[in-house]
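Report on the structure
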Amino acid sequence: MGVADLAFNAAQAGPSRFQLGDVSDAAADFTVGASMDINPGSPAPSSESPDPSANTYTATAQDIERTRPTTADDNTGSYKLNDIITVYHPNSGKPREHQSFEDFRRSTTQDTEDAFKLYEKNLPWTPFRSRADFEFSEIALHARLSQADINSLISFIRRCADGEESFTLKNAKDVKDTWEAASKQHTPFVRTTISVPYKRTVREHPVHYRSLWDWTLEQLHNPFLAPHFVWDAQRLYRFNGEMFKHFLDEPWTASNWWDIQSTLPPDGRCLCYIIYADKTKLSSFGTAKEYPVIARIANLPVYIRNGEGVGGGCVVGWLPIVPDDPDEKSKTGFANYKRVVWHEAFLLMLKTLADVSKLGSSYQTAELLIRLFPLILVLSADYEEQCFMTLIRGFNGLRPCPVCLVPATELSNLSATYPFRTADEVQELLASAAEEGTEEREAMLKDQGLRNIQNAFWIVNNSDPFKAVSFDRLHAYHEGLFGKHLWVLLQKFINGLGRQSAQAVDDYVKAMPSWRGLSHFFSSNIILFGTHGIFDQTKHSLAYKLLKVIRAYINLDILFAMEVHTEDTLATGDQALLIYDQYLRDYKNASKGDEEYDKDWKFPKAHTHKHGFQDMRGKGPTRGFNSKINEKLHGPLKEAFDVSNKQHDSFVDQASALSS
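This one's a predicted model, so the numbers in the text were calculated from it and none came from an experiment. (Residues numbered from 1 in each chain as written. Predicted model: local features only at pLDDT ≥ 70, side-chain atom pairs only at ≥ 80, totals over all residues. Heavy atoms only, no water.)

Pairing in this open sheet of five strands is antiparallel, and the strands run β2-β1-β5-β6-β14 from one edge to the other. For this open sheet the edge positions go to β2 (97-99) and β14 (565-566), each flanked by a neighbour on one side alone. (Pairing = 2+ DSSP bridges. Helix = DSSP H or I, 4+ residues; strand = E, 2+ residues; numbered from the N terminus.)

Structure, rendered in structure tokens:
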């Protein structure tokens, strides 16, 4: 049974529940797809009345309802259980498509994925004359072989493998010439320097970047990738025996794509980017760092764009890292300076998209001539990078969320909703603030948690950074809310019971059967199994309340991990957030004043999952924007650093060639 089957079955199963661990409470169980009447018992929301526009689901839900197929549409009575109706965007000119579930799966995944794997296996590694030539050259590069070593090895291989493999390399010069030819087939990196004033000096920073549009054209003109691009927004509906239920599995099946295409000319199509940026440590001691920017094209199916081969993620730039200055630490001016450097460097990558995003660029598909309008659909990053991307003041700001205007004092209150930030409103605010004096301007921006800096993403149409930044399951959950908070707190309770109880937890975890994809090391998925036998509900009531919080967190994590979502599973997620909010509030009230177990829950990663289900409605499942996919590329970059001379320019040249 595939993921799609699981999501569909979960959406229609009445009695099916997430039963995790032995922390059983009737209020904690939630039926997937069922409506729920939950009163989280939250205190009155902030006196700041939420803006009705903060609920962006209303108009989209009405539009989804308008395009929903009904049994009245079926004149032949041919609708069967699990049948799929694909509704294409009106500008596509395509009629609705009716498929059986089996035909739908073959057309969207199985056949095309198998064909793509076959292509990758037999790919002519041009300009290398065979795959063996390419692999040998890669080995020689990683092994740092000298020319004499390469000549000797080639001579040996040719004697041993003559006639058994198309091995055509003759000498080190042949390898080098082929490397040179290969590098010219990809969009080259440009080396330049940006000059940014700070105080009474002008500081220079080197930037390496590719033209994002030229790199895109390289992908569009790839003869095998071309048939796999999806150009029209779609709405997918599945027949459950009674009615059609809306579901989504790719970015083009979610609402943001549909909404943006509705603003384009009739021949206009969205060309959507997923952009990731994050610093990475290259050396064991963390003294060497680089700041890669990785791009993916969201119009390609997930098995291509999230893959490691052709059509997958590509390094399109290296941002400068401004070194910390002890004398400038904690100064607002220096913090602003670092962000100006960041956006000036990013602007170099984006500037080739500016005009095209407004006018479009003609592109001939197999069916018709269309105009492509590039836009940034997703910004994938940890919270720190999201603050850079959106130019908010971050953790210490009065409104620390890059998506909405929640006050810092309300970060742990998930039952209240606040207005969303928008690029248009922020630009208007900056323009108004510019007309005020220094103190008034600072007060206006500080109240909104903003910095007085122009955002590079504003030059690309339909690329609102506040809407593009996305819930990051890896950092916000596994390495954030759970890894640095819930798990740390639970360890205190376990250790408080003594060494024997800690050993019991280890024994329980070791007894958990092996399961594909299930980690036994600090895994939230099995922590309830490991602790259920050491805490008594009455005797250890506070610890038990924490286990209920963790249980609610696990339920949310399962929902965020799903690769296909229906309107029912998304609604279930909204309710699951309220359940988590209630259990967290119960724990906070019970632990208040306790020197060891009381905790301040007002931190950004306690809030960001508030927008997780909104992100999936707008951009598709989290596999489209989770930073985990992009961080896999850090490994090859570190390998490239190990075989370089450890100098910035040399490393960037070599790593850029490997990422092409």
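More follows now that the structure is in view.
Right, let's get into the packing of helix α12 (residues 423-434) against helix α13 (residues 438-448). The relative placement of two packed helices comes down to the angle between their axes together with the axis-to-axis distance. Here α12 crosses α13 at 160°, and the two axes come no closer than 8 Å. The orientation of α12 with respect to α13, classified from their angle, is roughly antiparallel. Crossing hand, α12 versus α13: right-handed. Contacts between α12 and α13 pair Leu429, Leu430, Ser432, Ala433 and Ala434 from the former with Arg441, Met444, Leu445 and Gln448 from the latter. Residues of the contact of α12 with α13, tallied by class, amount to six nonpolar, two polar and one charged. (Axes fitted to C-alpha atoms, helices over the stretch in contact; angles between N-to-C directions. Parallel < 35°, antiparallel > 145°, perpendicular 65-115°, else oblique. Left-handed = near helix turned anticlockwise from the far one by under 90°. Contact = heavy atoms within 4.5 Å. Nonpolar A, V, L, I, M, F, W, Y, C, P; charged D, E, K, R; others polar.)

What follows is about a negative patch on the surface. Taken together, Glu435, Glu436, Glu439 and Glu440 make up a surface patch of like negative charges. In this structure, Glu435 sits in the loop between α12 and α13. Among the residues examined, Glu435 registers a relative accessible area of 70% and is labelled exposed. (Patch = residues over 30% accessible without salt bridge, like charges linked within 9 Å, V, L, I, M, F, W, Y side chains within 5 Å. Areas by Shrake-Rupley, 256 points an atom, 1.4 Å probe, with all protein chains shown as cover. Salt bridge = Lys/Arg side-chain N within 4 Å of Asp/Glu carboxyl O. Lys, Arg positive; Asp, Glu negative; His and termini not counted. Charge placed at Lys NZ, Arg CZ, Asp CG, Glu CD. Buried < 20%, exposed > 50% of the residue type's maximum accessible area, 1.4 Å probe, protein only.)

Leu486, Leu490, Phe493, Ile550, Tyr580 and Tyr587 are the most contacted members of the largest nonpolar core, which has 71 residues in total. The dominant element in this core, judged by the number of residues it contributes, is helix α18 (residues 541-561), at twelve residues. Those residues within four positions of Leu486 in sequence are excluded, and the remaining contacts are Leu481, Leu546, Val549, Ile550, Tyr553 and Trp601. Counting residues in each nonpolar core, the second largest holds 59 residues, with Tyr363, Leu379, Phe388 and Val460 among its members. (Core = buried A, V, L, I, M, F, W, Y, C linked by side-chain atoms within 4.5 Å.)

Okay, the environment of Val87 next. Looking at where Val87 falls in the secondary structure, it is placed in strand β1 (residues 84-88). For Val87, a relative accessible area of 6% translates into the label buried. As for Val87 and Arg68, which are separated by 19 residues in sequence, their C-alpha atoms are 8.4 Å apart. The contact partners of Val87, leaving out residues within four places of it in the chain, are Thr67, Arg96, Ala233, Gln234, Arg235, Tyr237 and Trp258.

Inspection of the sheet shows strand β3 (residues 190-198) paired to strand β4 (residues 201-209) by nine bridges, in the antiparallel sense. Looking at the pairing, Pro197 lines up with Val202 of β4. Linking β3 back to β4 in an antiparallel pair, the connection comprises two residues, with Lys199 at a positive phi of about 55°.

In short, geometric facts, not functional conclusions.
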